[in-house]
Every structure is written in structure tokens, then in C-alpha cells.
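Reading the structure
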Amino acid sequence: MEMVLNRADYLQVGVTSPKTMKLLPASKHKATQKVVIGDHDGVVMCFGMKKGEAVAVFKTLPGQKIARLELGGVLNTPQERIFIAAGSEIRGFTKRGKQFLSFETNLTESIKAMHISGSDLFLSASYIYNHYCDCKDQHYYLCGDKINDVICLPVERSPRIIPILACQDRVLRVLQMLSESVTSIQGGCVGKDGYDEIVVSTYSGWVTGLTTEPIHKESGPGEELKINQEMQNKISSLRRELEHLQYKVLQERENYQQCSQSSKAKSAVPSFSINDKFTLNKDDASYSLILEVQTAIDNVLIQSDVPIDLLDVDKNSAVVSFSSCDSESNDNFLLATYRCQANTTRLELKIRSIEGQYGTLQAYVTPRIQPKTCQVRQYHIKPLSLHQRTHFIDHDRPMNTLTLTGQFSFAEVHSWVVFCLPEVPEKPPAGECVTFYFQNTFLDTQLESIYRKGEGVFKSDNISTISILKDVLSKEATKRKINLNITYEINEVSVKHTLKLIHPKLEYQLLLAKKVQLIDALKELQVHEGNTDFLIPEYRSILEEADHLQEEYKKQPAHLERLYGMITDLFIDKFKFKGTNVKSKVPLLLEILDSYDQNALIAFFDAA
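Residues numbered from 1 in each chain as written. Predicted model: local features only at pLDDT ≥ 70, side-chain atom pairs only at ≥ 80, totals over all residues. Heavy atoms only, no water.

In the annotation of an unreviewed UniProt entry, the entry for the protein chain reads Bardet-Biedl syndrome 7 protein isoform a, and the organism field reads Daubentonia madagascariensis.

1. So, the pattern of salt bridges
Evaluated as defined, the whole model comprises 19 salt bridges. As a salt-bridge pair, R368 and D298 come within 3.7 Å of each other at their nearest N and O atoms. Taken together, the residues span a long stretch of sequence, with R368 in the loop between β26 (359–367) and β27 (375–381) and D298 in strand β21 (residues 297–304) at a distance of 70 residues. Among the ionic pairs, R397 bridges to D461, the shortest N-O distance being 2.7 Å. Here D461 lies in the loop between β32 (455–460) and α4 (463–479) and R397 lies in the loop between β28 (387–390) and β29 (400–406), a separation of 64 residues in the sequence. Just as R397 is buried, D461 falls in that class too. Linked through salt bridges whose partners overlap, the residues forming this network are K19, K22, R68, E70 and D149. (Salt bridge = Lys/Arg side-chain N within 4 Å of Asp/Glu carboxyl O. Helix = DSSP H or I, 4+ residues; strand = E, 2+ residues; numbered from the N terminus. Buried < 20%, exposed > 50% of the residue type's maximum accessible area, 1.4 Å probe, protein only.)

2. Things to note about α4
Here α4 is 17 residues long and its end C-alpha atoms lie 25 Å apart, about the 24 Å a rise of 1.5 Å per residue gives. I463, S464, T465, I466, S467, I468, L469, V472, L473, E476 and A477 are the residues of α4 that are buried. N-cap assignment for α4: the residue whose side-chain oxygen lies 3.0 Å from the backbone N of S464 is N462. (Expected span 1.5 Å × (residues − 1). Polar contact = N/O pair within 3.5 Å; in protein donor to acceptor, adjacent residues only side chain to side chain.)

3. Some thoughts on unusual backbone geometry
Even without glycine at this site, A285 takes up a positive phi of about 55°. Here A285 is to be found in the loop between β19 (274–281) and β20 (286–293). Backbone geometry places E423, a non-glycine residue, at a positive phi of 60°. For E423, the position within the fold is in the loop between α3 (410–420) and β30 (433–440).

4. Quick look at the packing of aromatic side chains
In total, this model carries 14 aromatic pairs according to the counting rule given. On the numbers, 5.7 Å between centres and 90° between planes, the contact of F83 with F100 is edge-to-face. In this pair, F83 sits in strand β6 (residues 81–86) while F100 sits in strand β8 (residues 99–104), placing the two residues 17 residues apart along the sequence. Overall, the relative accessible area of 33% leaves F100 in the partly exposed class. Three or more aromatic residues joined by ring pairs form one cluster here, namely F410, F436, F438 and Y451. Directly above the aromatic system of F100 lies the positively charged group of R81, at a separation of 4.3 Å from the ring centroid. (Phe/Tyr/Trp six-rings, centres within 6.5 Å; stacked < 30°, edge-to-face > 60°. Lys NZ or Arg CZ within 6 Å of the ring centre and 35° of its normal.)

5. A short note on the sheet that holds strand β16 (residues 182–188)
Spatially, three strands are ordered β16-β17-β18 in an open sheet, and the strand pairing comes out antiparallel. The two strands at the open ends of the sheet, each matched to only one other strand, are β16 and β18 (207–211). This sheet shows a mean twist of 20° between the axes of neighbouring strands, independent of strand direction. The pairing of strand β17 (residues 197–202) with β18 spans five bridges and is classified as antiparallel. (Pairing = 2+ DSSP bridges. Axes fitted to C-alpha atoms, helices over the stretch in contact; angles between N-to-C directions.)

6. So, the packing of α4 against helix α8 (residues 559–576)
Two elements in contact, α4 and α8, have axes separated by 9 Å at closest approach and are oriented at 65°. One way to sum up the angle between α4 and α8 is to call them roughly perpendicular. α4 and α8 meet at a crossing whose hand is left-handed. Contacts between α4 and α8 pair I463, S464, S467 and D471 from the former with D569, L570, D573, K574 and K576 from the latter. Grouping the constituent residues of the contact of α4 with α8 by class yields two nonpolar, two polar and five charged. (Parallel < 35°, antiparallel > 145°, perpendicular 65-115°, else oblique. Left-handed = near helix turned anticlockwise from the far one by under 90°. Contact = heavy atoms within 4.5 Å. Nonpolar A, V, L, I, M, F, W, Y, C, P; charged D, E, K, R; others polar.)

7. Here's the deal with the nonpolar core
Residues L506 and F605 are the most contacted members of the largest nonpolar core, which totals 82 residues. Those residues in contact with L506 that sit more than four places away from it in its chain are L560, L563, Y564, I567, L593 and Y596. (Core = buried A, V, L, I, M, F, W, Y, C linked by side-chain atoms within 4.5 Å.)

8. A few points about a positive patch on the surface
Together, K30, K50, K51 and R96 make up a region of like positive charge exposed at the surface. In this structure, R96 sits in the loop between β7 (89–93) and β8. (Patch = residues over 30% accessible without salt bridge, like charges linked within 9 Å, V, L, I, M, F, W, Y side chains within 5 Å. Areas by Shrake-Rupley, 256 points an atom, 1.4 Å probe, with all protein chains shown as cover. Lys, Arg positive; Asp, Glu negative; His and termini not counted. Charge placed at Lys NZ, Arg CZ, Asp CG, Glu CD.)

9. Quick notes on the sheet that holds strand β3 (residues 44–50)
Taken in spatial order, the four strands of this open sheet run β1-β2-β3-β4, and their pairing is antiparallel. Both edges of this open sheet fall to β1 (21–23) and β4 (53–59), since each of them pairs with a single strand only. Recorded for the sheet is a direction-independent mean angle of 25° between the axes of neighbouring strands. The pairing of strand β2 (residues 35–38) with β3 spans four bridges and is antiparallel. Counted as the bridge partner of I37 is M45 from β3.

10. A few points about the packing of helix α5 (residues 493–529) against helix α6 (residues 537–544)
Where α5 meets α6, the closest approach of the two axes is 9 Å, and the angle between their N-to-C directions is 95°. Taken together, the axis directions place α5 and α6 in an arrangement best described as roughly perpendicular. Residues K515, L518, I519, L522, K523 and Q526 of α5 pack against Y539, I542 and L543 of α6. When its residues are assigned to classes, the contact of α5 with α6 shows six nonpolar, one polar and two charged.

11. Thoughts on the side chain of T360
With respect to the helices and strands, T360 occurs in strand β26. On the basis of relative accessible area, T360 is assigned to the buried category, the value being 19%. When near neighbours in sequence (up to four residues on either side) are disregarded, T360 contacts Q303, S304, D305, Q378, Y379 and H380.

12. So, the side chain of Q388
Within the element layout of this structure, Q388 appears in strand β28. The buried category is assigned to Q388, whose relative accessible area is 13%. With near-sequence residues (within four places) excluded, Q388 lies in contact with L280, K282, E423, Y437, F438, Q439 and T441.

13. Some words on the pairing of β26
With eight of its nine residues buried, β26 lies for the most part within the structure. By the bridge criterion, seven bridges tie β21 to β26 in an arrangement that is antiparallel. In the sheet register, L301 faces β26, and the bridge partner there is Y364.

Encoded structure:
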């Protein structure tokens, strides 16, 4: 179908941002609609047409630049209330121009996108998303890429609020607001006969059904009264349950006050349970620490007596602050505090450890309950913490061998392996001999462990893995006053093999660092010249991907330093087994790495 459209100019306002103009719903007795628009001068104007002329309904005074304008109102009624975002503030106006809302969100960035649904307000800045209900903070999300827009699925069609973020990386991120673990799942028929459903229980105790029964039913003759009666009965039941809960809260509060004032005041300290997981992720060679509490978390203090890196987590909405540490006097290498947003019951952290550095990571969890109480969880960082169990290895690789013999039992040697490596069962397996295979999730090197009473044989294509095992196992045997006979066979080819495994990772990180360093200078040139036509394609590509490159670099703190450290350890360990101390040559090695060339590095290892 073709339409003939003719231009009609109504009026002109100041410069406008995207999505700052809306049409108000038409009234019952008028067919034409009024237009409301906000501009960069901070002016909100509402006008209608009368006898071919634009007539203002209202016009506000100038103020901050208006970045977004949306219509809202009570659900299932005409959406005729006007909301504008200016800086970090939200203001609301009636259709007549009376201001009824002024809400300062205190966001650190200016608001770029907004969506209104009833009393729910969804806001986003460049990377931060916030959800408010009746101007109270509900949820927070720090996005891994730039947020272009935000919307929420219609609440009339969904049993819960489902915000959706449209991001710069061409990904729609659907946010889940119910963030707690599912503990059990069953299929069957519970709610109503004839409708199958999935029934789940959550960590905090909720039992929820996902039913095939339609939410909106079509009522035939005589059915409407029945449905209304069912709804009334349900509302009455909910009211009775609410009254009972309110009475129970008052009763428990009185009991608590009496208990806290008695001679047995110690028993008044509130208890709470923590659901926690500390697992190694194969994809990025990092540990994921998940802490989940029944009630809202106030803050979590992380303390470590070994060097670790904290990595960014997209799902993490907490604000982190670091405290200075004195590792020499009190063995503190990390002190970090995560302050959680309101209603946060689940916190996810990511850390990366250094193999050879082992100790304990502690998490002090404080929930939002009175009086203040805290629980401590401890997690062991093992000497070979980045190794993961696997079912097979490549036996054709050049391997180095460490052999231990002595007067030790099968249980004792097994306890040493448990101390050194993750994912090993605490109890010794059945039988007289056991074999475990491991893979280093960071470098893809491998380890074979075979041991029995009086003997242990460990093979790896990475000399540094063998060196760590030799040092730690010797130390553990000495603690128990067990004499060990230690022999080893070093395969020189394995050094070049390990360097080749490191090469693509090192090359990528060096190139990434180089590109990130060029971004600011290229942006200055772009501003000075007015365009990028004069730049070579490589530099234009860096400018186009600047945000992505900086985000990628930010996600991997100290990644390059870790690779430098692994190469340095490999160099020292190679010659340590020959009885030579080459630490004086490390500065020269670092110079070669700064101007990295794979052949030059291999030649340095061979010539040293």
C-alpha cells in the first residue's frame, strides 16, 4: 500500500536527544493528540494544534540537558504522566504541567536510557543499570559493554519483572531479578488438575511452579462469576496469611528483646546460613567464588595471605574498595571490601592465583541484620591451583619426571597430593596404586600422577610444575619427619615446548597492551584533524574498537605480568635442576620479553 505524505512544520525547539518526544494519549472527546518534547536547554514543552496553530499547554523553565523522555502511569490506564531524565535526576509532570516528582538517583554517570512501568523505574547510564520501585533502589547491574537502551517486558504478560538491555556489542542482555540458586526440580501436576508444571525449590526456601495453566482465561457464559469468586477467595487467603506473618514478626521481635536483655544474652546473636562455592573455571583459568545468603548481604571482606588477582564480574553489582596491606609483617597480600546494593542475596567474585604461591583465602560475610554479625569462610589456594582433573593426557609430549621413594604409607602420599592439587578426593581411593591426570587451565600443560605405598612418580611437560611439586612435597615430608629419596629426569625439549604453548597468549597480550597504549594518542589526532581518513587501516581499526579493547584489557589485570612471571620461573627452574643459579640473568630476560621475539627468547634459553 502506498501513502502520500506531506510535510507539516508545527514548531521548533532547541537541540534534542534521541527518544525525547512523545504523543500523549488522545482524550475521549478529542481525536487529535498533544505533543510533549524535551530539549538540550532543559525545557519541557507540551503543545497541541488549534486552528492550524501550535498552542502551548505548558512550558518549563530551562535547566539541565534532557537526555530521555518517557510516559508512564498506573498500569492498565492511559499512560499520560511525563517523566524526563536530566543528568542524574528524574522529574515527573502531569499532562497539565504540574511537577509531582523530583528524584535524585545519585548515579555517578548521567542517565542515557529510561523505561517506566507502573511504579517501576528502569534507568541506565553508559555501563550501569538501576531498577527503582517507588523511588527505592531495588537492583543494580554493571554491564560488560556499553548500554544503548533499556526496556522491560510487559508485566501484564509476565509473572515477574524482566528488564532487557540493548548493548553496543549487538547483544540483548535479559536480566534475571529472582538471583538465587535452584536446589531441586520436579515435573508433575500440583496446582490444578489437567495442567502439567515444573516445580522448583530455591535456596531461600521458595517452592514455585511454572505451570501450563494460562494466566488470562477466556470466560464463557456463567464462568465470569466463578472466576471472580476464585479471585476473591485467593485475595482473602493472602490477607489472612499477611496478618499472620505480621503477628509472628511482632511476637518474634518481643522474644528477641527479652532474650537479649536476659543473662543468656549470648544466645541472642542471630544465626544465618551461607551457600558457597569455590570452583575453578577452565575457560579463563580463574576461580569463581559464589556466596549466597538467605537475607540481604551488607558487605563481604576478602582477605588473602597469598598474592591473587581480583577479576571483573559482569553480574557483580557491589562496590569494591581496597585497603593497603603489609605482606611482610602480617602475611596480608589482599584486603578488599565489597559493599552490596539493597536486596543483594548473592555475590559472585572471580580470582586468579599464581601456581607455587599457596595459602588461604578468607571471606567475612556480614548480612543486613541486627545486631551485626559475621561469618567467616575459608578456601585453600593450593600449590598447583590452576590444574584441573582430566581423563586423559597426550603421552607423546616431552615429559619431565619426578620420583619419590621412602618409608611413607599410601594414605600419607595421597594426603600430599590432596594438599598440592585440586579436585582430588580426601580419602585414598580403593586399591594399592592410583593414577590421576591433570591439565593446567592457563597454559594447557599436563601432569600425570602415579603413586602407591613407598613410591610416587610425577610426570609433566612443564619443568616449573615438577619444581613446585619437588619443593612442596619435600617440605610436607620434612614436617612429618619422613626421609625422601628424590630423583628426577629433565627433558630439555620440554622447555621449548612450553615456550611454544605460552607464545600465542603472550603475543596476544603484548599486542593488546600496545593497542591500548595507542588509543589516547590516536584520539587526539582524530580531534585535531577532524577525521580518521589520514590514518592507516590498522590505526583506524584500533579507534573503531577502542571501547572493546579497553574493556578486554581491563578484564585481565596483570595478565601480561603473570605470563612474564611464568617464563621467568621456567628459566630459573630449568637451570635449578642443573645446579645453576641464573637469577642474575633475569633482568636481561625481561629486556628480551619487552621487545618480544619467539626465536630470540628460545635462543636465550638455549645459550644461558
